[in-house]
Amino acid sequence: MGCSDESNYSKPLPWIGLYVAVASLACALAMATDAFLGLRNRKLWFPCKYFSLNATSLVMITIATKLPVDLNTTMPRWEDQITKLSGTIFLCTAMGNFLPSLGKLSDHEMMSNVVALGISVITVIVNVAIQMGTGVIFVFWPEHAIIMFFLLVLLVILGSSALTISTTKQLLEEQYDRKCQLALDETNEAETFAVKKLTGKVEKYCIMAHTCSPQYVLGRSALCCASGAFCLLSALILVEAVIRAQLTQMREFCGGNSDYEWSTMVIFVSQAIAIVVGTIAPASRWFYSMSFSGSQGRGRCNLTGFSVEKYWVQRLVEWKESPLHFQVTNRRFRRMAYSVRSQILNVGIQIQKAIVIASKLIRLASTLSMFLLSKFMSLSCKGLLLKGRLGTSSMSSSNSSIGGFVLHLEGEEGLVHLIMKKGFEATQQWIRMGRKHQPTHFLELLQKRTASQRFSGVGEFDSEHVQSIVLEEPPNCWSLTLVTLVSIAISLPGTNRYSIEQLLKGVYEGLRYVKLIEKNLDAKGLINMRDAANIVWQRIDLHNRWFDYDLNQCSHEEQNAKEVIEKLAHISKTYVLESMNQGESEKNPLEWPAKTLAANSMYRVSQTILMKHKSNTEKGEDLFKWLCTIMADIFGACLTNLPIVISMECFCSTIEVREASVREAVYLLGETEKILEIVGHDGFSGLDTGSMADIDKWRLSKQSNV
């Protein structure tokens, strides 16, 4: 019979410890990313994006808490003992970071993830308690006892928030629908191009999207304040434990070797980093929630603030009043089952109320403590920060009208002004960020438009007198027309290279807005044509080629502009005919391959240019300027649709992604302010942009004016 060597059992433990450290650092990186994004975007409630309550994070936390649940491995050194403590504190920190992420989960996901987290937390608490009873944990046991209490409290807070968030979502969504209708009723379509009016409209939608965000609602709640306080205290307990270990010289008291060997300190350092980084968001939410409490109560005890609003217990009340979800034949048993369920839910309602009141007490105590501390230490950083946050803020009367579009819950009526101020500041910040990234090269190109003639060049790029080579012509497309004109422009001989580079930079910046407009307002299904434009532009931008033809080489080989354009017309016509001979003529033009659509566009535009410029001595530089003017007109005409697209970006049916969509609209508004001013000054302030979304409608309107 063989025998096993028990000394080999513990050899893999150092590498398992390294695995635990890597999992802890991965969580630290995710929490640090969320903290960075929150600071960068000035969202001091720190919404969760990368470190959320999901299956991945739960697995990582389970790995990171390996040492606290290890029941029988000998860990006698002070480093081993404090690493067990850091594992439980790390779990506290993770739970504090999770709270806002409940707002972006569905009811099913939230229930399953909260239950899974609860099982993990209970497992850690039970295993730590067993180790304290068996003597495996013989140092830092007071700290462990406190942290176990914190874990239970944080788990209860998470469960309480999970019971509430579904109701708050519903209430906020109802408010959002009413405010949206109010904003639509106030909209004056004749003033669409007035930048100030458009800005005011977007600000209203931004305030609504900002204040109805479930993560923002949780971030300013009393429960989140309490959660942040417990996370901050748990981090301070770790600091206290390290200091106590150094002062009491535990190095001499605790002897022996751990099976985890060198990996113990690696785990401790990685988890300490995670705790420090992970405490930023919960602590900031603690301060942020206190700013609302301080603004409403001004540091004084307000007894009306301790009432439990209806939405906190509404879901439990609905469960209590709903019929039984299972069938019981016996009437007596049915009555008994209903009575038992009612009693259980009555207890749950009272517990929920107690949690809310306790959280509000913690917030009040925190606010009063910080208020007194700021008075006593007026020069301290915390005092200055609190004064800055609790101080009154004034907003101009022109912006006060958006106060009616702030979405708030019951009991937050006194916070409307502060919520509006913070939301308005966030909106202005995104507008300023957009202004810093205005498309300078595109603005230079747009200045070449025929402003006095209301973008007359839109009707000149495609003549009806050009003989068609197909039975049915496909409709024109903004982006495909533009990239076709760019292809011709850069192929012309005698053109300044610097002018070509500036044109390419301007078109690169402008095509972004054209594609956005086409994506939102395409009513004809020009998907293949937009794909053709993307393919043509990519090859022009990267290689100065129109498909396989080198445009630079083409300009060098020919003697004048006419021959260059004739060659492009011949190449494109040849390809269209070959494509038609292969059976493409039987298809709907919108279903043609991208290259066929691009070639047909090149043929028609080239032939139109040849008809308008018949002279053999036409200079390439003059023709280049004319093409730039045509492109500027097409860009300008297309961008008359920009205000309606910005407005469309403000509408989003999904509450979880609404804020991000509106933020993009706000950023786009700041980025295109000068563009809107240019287009608006050209006499289109009263234009029905929806009716001019199509380039062919523009062409017909220009040709009829001629």
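The structure contained in this document is the topic of the report that follows.

Cut-offs used in this document
Residues numbered from 1 in each chain as written. Predicted model: local features only at pLDDT ≥ 70, side-chain atom pairs only at ≥ 80, totals over all residues. Heavy atoms only, no water. 1 Å grid on protein atoms, 1.4 Å probe; cavity = no way out; pocket = protein on both sides within 12 Å on 5 of 7 lines; lining within 4 Å. Points joined across faces, edges and corners; volume = space filled by probe spheres on them. Helix = DSSP H or I, 4+ residues; strand = E, 2+ residues; numbered from the N terminus. Nonpolar A, V, L, I, M, F, W, Y, C, P; charged D, E, K, R; others polar. Axes fitted to C-alpha atoms, helices over the stretch in contact; angles between N-to-C directions. Parallel < 35°, antiparallel > 145°, perpendicular 65-115°, else oblique. Contact = heavy atoms within 4.5 Å. Core = buried A, V, L, I, M, F, W, Y, C linked by side-chain atoms within 4.5 Å. Buried < 20%, exposed > 50% of the residue type's maximum accessible area, 1.4 Å probe, protein only. Patch = residues over 30% accessible without salt bridge, like charges linked within 9 Å, V, L, I, M, F, W, Y side chains within 5 Å. Areas by Shrake-Rupley, 256 points an atom, 1.4 Å probe, with all protein chains shown as cover. Salt bridge = Lys/Arg side-chain N within 4 Å of Asp/Glu carboxyl O.

What to know about empty space enclosed by the protein
Here is step 1 of the chain: Considering all chains together, one arrives at three cavities of 30 Å³ or more under this definition.
Here is step 2 of the chain: One number sums up the size of the largest cavity: a volume of about 100 Å³.
Here is step 3 of the chain: Forming the walls of the largest cavity are N41, K43, C206, A209, H210, G423, A426, T427, W430, E659, V662 and R663.
Here is step 4 of the chain: The set of elements that each furnish at least two residues to the lining of the largest cavity consists of α6 (195-211), α14 (416-436) and α24 (655-671).
Here is step 5 of the chain: Here the lining of the largest cavity is composed, by residue class, of five nonpolar, four polar and three charged.

Quick word on the packing of helix α16 (residues 478-491) against helix α17 (residues 497-521)
Here is step 1 of the chain: At a minimum axis distance of 10 Å, the contact between α16 and α17 shows a crossing angle of 170°. With respect to α17, the element α16 is oriented roughly antiparallel. Touching W478, S479, L482, V483, V486, A489 and I490 of α16 are I500, L503, L504, V507, L511, V514 and E518, all from α17.

Points about the nonpolar core
Here is step 1 of the chain: The biggest cluster of nonpolar side chains holds 169 residues, and the ones touching the most others in it are L102 and L627.
Here is step 2 of the chain: Apart from the residues within four sequence positions on either side, L627 is in contact with L485, I488, A489, L492 and I609.
Here is step 3 of the chain: Residues W45, Y216, I402 and F424 belong to the second largest nonpolar core, which totals eleven residues.

Focus: a nonpolar patch on the surface
Here is step 1 of the chain: A grouping of W15, L18, V22, W262 and V266 is seen on the molecular surface, where their side chains present a nonpolar patch of about 480 Å² in accessible area.
Here is step 2 of the chain: Counting through the fold element by element, W15 comes out in helix α1 (residues 13-40).
Here is step 3 of the chain: By relative accessible area, W15 is classed as exposed at 57%.

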